[in-house]
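# Results of the structural survey
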Amino acid sequence: MGYERSVSAPNHELSTETVWHVTMPEIRFGRDSTDELAFQLRDLGVDDDAHGLVVTDETLVDIGHADRVTEHLEAAGLSVDVYDESEREPSVEAAERCIEYVRESAGEAGYDFYVGLGGGSCMDTAKVARAVIANGGSPLDYIAEPTGDGKALTESGDPLVLMPTTAGTGAEISPVAILSVPEKEIKEGISSNHVRADAAVLDPTLTTTLPPDLTAKTAMDALGHAIEGYTTHEYDSLLRPTDPADRPVYAGRTPLTEMFSEKAIDLLSNNVRAAVHNGDDLETRENMLQGALFGAIAGLTAGASLCHAMAYPVGNRYHTKHGETIAVLTPASTIDYNAASDPGRFADVAEMFGVDTTGMTDREAADALQSQYVQLQQDQNVLPSGLAELADITEEDVDWLARQTVETQQRLLRCNPRPVTEDDVRDIFLDALHNWED
Ligand SMILES: [Fe+2]
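Residues numbered from 1 in each chain as written. Predicted model: local features only at pLDDT ≥ 70, side-chain atom pairs only at ≥ 80, totals over all residues.

Check the secondary structure of the protein and you find 17 helices and ten strands. Projected onto its principal axes, the C-alpha coordinates of the protein cover approximately 65 × 50 × 40 Å. Sorting the 438 residues of the protein into buried and exposed places 53% on the buried side. Within the protein, contacts between residues separated by at least 24 positions form 78% of all contacts whose residues are at least 6 apart in sequence. (Helix = DSSP H or I, 4+ residues; strand = E, 2+ residues; numbered from the N terminus. Buried ≥ 20, exposed ≤ 12 C-beta atoms within 10 Å, placed from the backbone. Contact = placed C-beta atoms within 7 Å.)

Have a look at this one:
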């Protein structure tokens, strides 16, 4: 039983957890679902003459996706402003600039509704802006101590709809927004059900423009959510909180999350090669977007674990993209190290990957999964072979990375199915320097 896994709660009954709970935005999925955005907003209570904000970035303006959304909303009688200065892996300052824009353009009370259009960075910027406008102050007020003041959000604010243009991050349904704090070389999450969007509109026609390298990287993030969610601890390995409000956001795997993990692993592992090499194929893109959504429902409810914990210090120091970092770390962390926690579950994942496990022990099947995963990376032609190729990381950098992981990522490490020490993390980083010979 993992009392230490009960992340947020001072008071627990001395009995195991018996309850699981899932919170989800409204989800609208499918080709040209963009055309139903105005309907979705009205369904959330947005008035006929409301004034809203689309939070996006310059690339999505250039491609034309931002125009598609604003023209649709204006045709439906709504008026919109566009904020196109979202940054990749946004910093606290980048979020503050968006909030400043809202206050200057629409006043302290902000807009009547918000649409976050883009990858995880645009969606997280929209999530933070909406939350801070509703609750007052600045993002740092709501980031955990000691970096921020650790205040709790109490309001969700005016309606927020998220529209992903990548198949990967899961930000459209997650209760977390990630911001970097560059001067400290760390990333912090604002984690609350008040950060979660009210609805997600997932339109695969917005994802065909994603270039091969970003397709690959975001897909491997999604696959990471699905595998980590499938292999994390069970919800009833925690103690039950005295107050249901203290139940952690990442509360372990449940029958619901397992179902979504299985489908996600199947869809993502069987479509990612085609999506990278033939990105115009809409059916493939639809499968990928669906797989990423299911992976997020699984992993971001059950809880991401060791691999995500190790990825943050790497991303902070070397400014690598989240998805490629997850791709590089998964074989050594999620698969090789964690397989010992429950080899049978990893044998299941191997089968979802299409490995014929007949005659293999569970451990052999888990090893075959690792080979198959690495093969999947190689076949995409755009992913680095390890941390060394990713960012010239060497053995000398590994001590710092391991220390940072253990010191700053306890929220995620508590979700790991196998206990992990700083020495373990160091060894896993060493293993991840080279997943294959260049
Ligand atoms: Fe992720």
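Here the focus is the UniProt feature "domain: Alcohol dehydrogenase iron-type/glycerol dehydrogenase GldA" (unreviewed entry) in the protein. The feature "domain: Alcohol dehydrogenase iron-type/glycerol dehydrogenase GldA" (unreviewed entry), as given by UniProt, occupies residues 26-204 in the numbering adopted here. Taken end to end, residues 26-204 is 31% helix and 23% strand, and its two terminal C-alpha atoms sit 17 Å from one another. (UniProt positions renumbered as here; feature names shortened; annotations may be inferred.)

Take the domain arrangement of the protein next. Here the protein is partitioned into domain 1 (3-8 + 210-431) and domain 2 (33-202). The straight-line distance from the C-alpha centre of domain 1 to that of domain 2 is 26 Å. The interface is formed by 23 residues belonging to domain 1 together with 16 residues belonging to domain 2. Secondary-structure elements contributing two or more residues to the side of domain 1 that touches domain 2 are α6 (212-231), α8 (282-302) and α9 (306-318). Counting residues per element, the side of domain 1 that touches domain 2 draws most heavily on α8, at nine residues. (Domains from an automatic or database assignment.)

With that settled, consider the nonpolar core. By size, the foremost hydrophobic cluster in this structure holds 124 residues, and its most contacted members are Val55, Ala129, Val161, Ala219, Ile265, Leu268 and Met310. The element best represented in this core is α8, accounting for ten residues. Split by domain, this core shows at least three residues from each of two domains, domain 1 (3-8 + 210-431) and domain 2 (33-202). Here valine 161 is in contact with Leu37, Gln40, Leu41, Val115, Ala197, Asp198, Ala199 and Val201, once residues within four sequence places are set aside. (Core = buried A, V, L, I, M, F, W, Y, C linked by C-beta atoms within 7 Å.)

With 21 residues, α8 ought to run about 30 Å at 1.5 Å a step, and its terminal C-alpha atoms sit 30 Å apart, in line with that. α8 sits mainly inside the fold: 19 of its 21 residues count as buried. Directly beyond the C-terminal end of α8, a positive phi value near 125° is found at glycine 303. (Expected span 1.5 Å × (residues − 1).)

Take helix α10 (residues 322-329) next. The buried count for α10 comes to eight of eight residues, which makes it a mostly enclosed element. For α10, every residue scored as buried is listed here: His322, Gly323, Glu324, Thr325, Ile326, Ala327, Val328 and Leu329. As for α10, its buried residues are in contact with α6, α9, α11 (331-337), α13 (362-380) and α14 (387-391).

So, on to the sheet that holds strand β5 (residues 113-118). Strand order in the open sheet formed by six strands is β2-β9-β6-β5-β3-β4, with parallel pairing between adjacent strands. The sheet is open, and its two borders are formed by β2 (26-29) and β4 (79-83), each paired with just one other strand. Averaged over all pairs of adjacent strands, the angle between their axes in this sheet comes to 20°, without regard to strand direction. With two bridges connecting them, strand β6 (residues 160-164) and strand β9 (residues 199-202) associate as parallel partners. (Pairing = 2+ DSSP bridges. Axes fitted to C-alpha atoms, helices over the stretch in contact; angles between N-to-C directions.)

Chain-level pLDDT for the protein is 93 on average; 97% of the residues reach the 70-or-more range. Segment residues 1-9: pLDDT under 50, and 23 contacts once partners within four positions in sequence are set aside and those in other chains are kept. (pLDDT = per-residue confidence, 0-100.)

Moving on, we get to the environment of arginine 403. Mapped onto the elements of the fold, arginine 403 is located in helix α15 (residues 398-408). As for arginine 403 and threonine 421, which are separated by 18 residues in sequence, their C-alpha atoms are 9.8 Å apart.

Taking the UniProt record as the reference, the feature "domain: Fe-containing alcohol dehydrogenase-like C-terminal" (unreviewed entry) is found at residues 253-432. The span residues 253-432 shows a helical share of 73% and a strand share of 0%, and its end C-alpha atoms are spaced 26 Å apart.

Next up on the list: the pairing of β9. Burial along β9 is two-sided: Ala199 and Val201 and Ala200 and Leu202, pointing in opposite directions, are all buried. Where β2 meets β9, four bridges bridge the pair, whose relative direction is parallel. Residue pairing in the sheet places isoleucine 27 in a bridge with alanine 200 of β9.

Time to look at the environment of valine 69. In this fold, valine 69 is placed in helix α3 (residues 65-75). Valine 69 sits in the buried class, given 25 other C-beta atoms within 10 Å. C-alpha separation for the pair valine 69 and valine 276, spaced 207 residues apart in sequence, amounts to 26 Å. Sequence-distant contacts of valine 69, defined by excluding residues within four places in its chain, comprise Thr34, Leu37, Val54, Val115 and Leu117.

Let us now look at the packing of helix α12 (residues 343-352) against α13. Contact geometry of α12 with α13 gives a least axis separation of 8 Å together with a crossing angle of 45°. Considering the angle they form, α12 stands oblique to α13. Considering the relative orientation of α12 and α13, their crossing is left-handed. Counting all contacts with α12, which are made through Pro343, Gly344, Phe346, Ala347, Val349 and Ala350, the residues of α13 involved are Asp362, Arg363, Ala365, Ala366, Ala368, Leu369 and Gln372. Tallied by class, the residues present in the contact of α12 with α13 amount to nine nonpolar, two polar and two charged. (Parallel < 35°, antiparallel > 145°, perpendicular 65-115°, else oblique. Left-handed = near helix turned anticlockwise from the far one by under 90°. Nonpolar A, V, L, I, M, F, W, Y, C, P; charged D, E, K, R; others polar.)

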